[in-house]
Structure formats: C-alpha cells, structure tokens
Amino acid sequence: MTLDVAALRAEFPILATQVHDAPLVYLDNAATTQKPQAVLDALMHYYTHDNANVHRGAHTLADRATRDFEAAREATAAFIGASDARGIIFTRGTTESINLVANVLSERLGPGDEILVTELEHHANLVPWQMLAARTGAVLRVAAIDAAGQVDLADFGNKLSTRTRIAAFSHVSNALGTVNPVEEMTRLARAVGALVLVDGAQAIAHLPVNVEAIGCDFYAFSAHKLFAPTGVGVLWGRTALLDALPPWQGGGEMIETVAYTHSTWQPAPHRFEAGTPNIAGVIGLGAALRWFSAQPRAALIAHENTLVEATLQAFGEIPEIRLVGTPQHRVSVVSFLLADAHPHDVGTLLDRQGIAVRTGHHCTMPLMQRLGVPGTVRASYSVYNTLDDVHRLVAGIRKTLTFL
Ligand code: PMP
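Some thoughts on the pattern of salt bridges
Thought 1: Under the defined criterion, the tally for this structure stands at 17 salt bridges.
Thought 2: The shortest N-O distance in the salt bridge between E273 and R73 comes to 2.8 Å. Linking E273 in the loop between β12 (263-265) and α10 (279-293) with R73 in helix α3 (residues 60-79), this pair joins segments that are 200 residues apart in sequence. When sorted by exposure, E273 lands in the same class as R73, which is buried.

Dropping the structure here:
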C-alpha cells in the first residue's frame, strides 16, 4: 500500500484550521495527536446510541457498551502483541499507569532495594518512583546518558544489581526523540531479577510495539498520543504478575466479595479498574486502533522518518540553530535552540505564523539541567505532517531570526 498523505490529512478536520490567518502547521504531536473523523464519529455514536455503564448490564445498552469496551481491550492487546487481553488495564494515561505500578509494588520494596531509571525520563516516569522510594526506604538510581542524548548502556548495566527491584525507562524520549534499545535494556535488567517497566508514551504511534518481543513486565502508554481521546491510558502487565499484585484503588468493579470486615478482589484486569471507567474514551481508542491498523504502517514510518531527516538537513544549513540531542536512532522529535533566544519567545513567534511547536522543559527538568539548557523548542511529527510543514517550519524559523 502506498501513502496518500493528502487523503489522510483530510480525515483530520482540525488540520484545516487557520491560526493567525495562516493554515495551521501542527508540530506538537508528542504532546498530543489530532483525532481522525472515525474516532470523532465513534464518540458521537456511543453517546447517541449506546451510552450505558459497563459490566453491570441487565439491559441491551449496557451489553452494547460492554461489548465495545471489551472489544477495545482485545484490539489493544493485539496492537501491542500481548497474548492475553487480561493483561490490558485501562487507566487515565501513562502517568496513572506508572503510578499504579509504583503503588502496587510498595509491599515488595524496602530499605536496601533499588529502583533504576535513566536521565532521559519524563517526570511521569521519575516522580512516582521517587515517591515509592520515599515510602519504602528504597534508593532511586539514575543511569547516565551520553552527549548525544542516548542511554549509556555500560552505566545502565553497572547500576543494575541483585538489589534492583524495578528498572523503568522510556521506549522513546519525549524531549529528544531518542529510541532506546529497550530489548537489550530489558534483558540486562531481567538478568539480575528486576522487574521492567517501559514507558511507551512516545513510541506507541511511531514504532511497531511488541511487548512479548521486548520481554518487559509492564508497558504503559496514553491513548491521546495515538489518535484517540484524552483521559484514557493503557497499562499492560504480565497476567500472572498482575494477579499476584494487590489492588491500588478500591471501589466498585474491582471486588469479588465485600463484607464490612474485609473484601476479596477480582483477578486482572478488573482488580485494577475501580469505578466507572472512561467508557467513551476506551471505545474511541478502539476506533483509533481500527483506523490506524488500516493504514500502510511501513509507509507511515518511512514518511515520518523522511520528515525528520528533511528537518535535520534544513537545520544543518542554519548556523543559529543548535540541536539538543543528536541520537543515532530517533523518531518524530527534533529539539533545538535558536541563537540565544529563549525557547518561549521562539514558540510565540512561530505561533504568530500558524506553526504550533512545544517550548520549555517538556516535563524533563532534570534532563534539561543535565544538558545545561533552560528548555528547548520541540517540533514533533505525526503521520499527517508533510514536507510542506517542514518547509513552513524552516521558513518560520528564518523569519523568527529577523526578529531576534
Ligand atoms: N512519558 C512520556 C515519555 C511522555 O511523553 C508523556 C506525555 N508527555 C508521559 C509519560 C505522560 O503522559 P500522560 O500525560 O498522557 O499521562
């Protein structure tokens, strides 16, 4: 299948928006992706025809809502190569998925134990582990990166030991676009008996993900970075492991029996899904997966890589641009600084030209400190971006330079 980007763009109504009298160039896909009509239609259809609570149904609408909600679970499992859909837990997002794991591991950690992360991590894959360490007396260790913004595998290996209870690292860095060798890192961590959590928030829309091939214990991502609504996340875990862990939040849906004195729990995934979930959002995720899976995946990946390469090449011709992060293997993200301008000023001047980029620390304050920068300007691509968007960005930067 070949890629017709114009036809694909036409499926995203928001891309026709004008910003400051210019056609929108949306380059903030690492923050959130836009939604195709198929997903918007699924949300409207659910609320118009099927709205009911799930899993409680003695009536037709409840059956329909439950069917579509559970179909999304099956589709999610298939999308990430998970052999058992019971391992798919729906959360609010990557952040909640990681907090869930950090909380249910509390009883397994104590003084003398270690948690290993890397210098690349988003606050969502750092702060919950700091909190777990504070609760349990465990120590948080941080594997170094090199000057290009890649994990130093030797340092990662050196910081692993039989004291390491969990290693948590991103599949792709949201700040630099670095693709981590997650299979290798997982192998090293599991070899010392550690559990492994991979933060897949930035990988899920850009790389084929197969959790069984990675070999990790947990994989987390957010639906909204995959063309689906906000407010839905996924935590995949090995089913036997999930069934052996205690619940996090208590309430409806997660129990088997309740008495005034004590309660017993459902097996996974319901043990970890207390209360009414974001039903419409999960059904929207199901629609997004159907939409995405019908696209020519290899062509989409090649297209995104072309956009990144074209950006790097054009940036190479602008001496005032300093790239932040030069990893050998990157997807979607290009972070940079322009002359000695503050990233926020660059972002504002680009916005005036209809170009949406992200500026600031990208929820990676320790990483920015490590790199010695106040923040960056970040352009991040998705499947619906075009070479024309790249040209508009480059022209926008050249014009911005005349204001500095
Ligand atoms: N990890 C990474 C690598 C991310 O890019 C993000 C989102 N910026 C998160 C975690 C948190 O995702 P969410 O805000 O959807 O929970």
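Additional details are given in the paragraphs that follow.
Quick word on unusual backbone geometry
Thought 1: Here the amide bond leading from A268 into P269 is cis, since omega sits at 5°, within 30 degrees of zero.
Thought 2: In this structure, D21 is a non-glycine residue whose phi angle is positive, near 65°.
Thought 3: Tracing the backbone shows D21 in the loop between β1 (18-19) and β2 (22-23).
Thought 4: Take D21: its relative accessible area is 76%, and that puts it in the exposed class.
Thought 5: Phi angles above zero are rare outside glycine, and C363 is one such case at about 55°.
Thought 6: You can see C363 is positioned in the loop between β16 (358-360) and α13 (365-371).
Thought 7: Relative accessible area serves as the criterion here: at 32%, C363 is assigned to the partly exposed category.

A word on the site of the ligand
Thought 1: Inspection of the region around the ligand gives G93, T94, T95, H122, A124, N174, D199, A201, Q202, S222, H224 and K225 as its neighbouring residues.
Thought 2: In this structure, an oxygen atom belonging to the ligand sits 2.6 Å away from a side-chain N or O atom of T95.
Thought 3: At 3.3 Å from a nitrogen atom of the ligand is found a side-chain nitrogen or oxygen belonging to H122.
Thought 4: Burial of the ligand by the surrounding chains reaches 84%, relative to a free accessible area of 390 Å².
Thought 5: Among the residues forming the shell around the ligand, the class breakdown is 2 nonpolar, 8 polar and 2 charged.

Rules used in this analysis
- Starting from 1, residues in each chain are numbered consecutively following that chain's sequence as written.
- The predicted nature of this model means local features are confined to residues of pLDDT at least 70 and side-chain atom pairs, given and counted, to a pLDDT of 80 or more, with totals for whole chains, interfaces and linings taken over all residues.
- Neither water nor hydrogens contribute to the side-chain values; these are computed over all heavy atoms in the structure.
- The salt bridge criterion pairs a side-chain nitrogen of Lys or Arg with a carboxyl oxygen of Asp or Glu, the two atoms within 4 Å.
- The secondary structure listing takes helices from DSSP runs of H or I that are at least 4 residues long and strands from runs of E that are at least 2 residues long, numbered from the N terminus.
- Exposure categories follow from relative accessible area, calculated using a 1.4 Å probe and restricted to protein chains: below 20% of the type maximum is buried, above 50% is exposed, and the middle band is partly exposed.
- Being near a molecule or strand, for a residue, comes down to having at least one heavy atom within 4 Å of it.
- N or O atoms closer than or at 3.5 Å make up a polar contact, with two conditions inside protein: a donor-capable atom paired with an acceptor-capable one, and, for residues adjacent in sequence, both atoms drawn from side chains.
- The method behind every accessible area is Shrake-Rupley, applied with a 1.4 Å probe, and residues are considered shielded solely by the protein chains displayed.
- Lys, Arg, Asp and Glu make up the charged group, whereas Ala, Val, Leu, Ile, Met, Phe, Trp, Tyr, Cys and Pro make up the nonpolar group; the residues left over, Gly among them, are polar.

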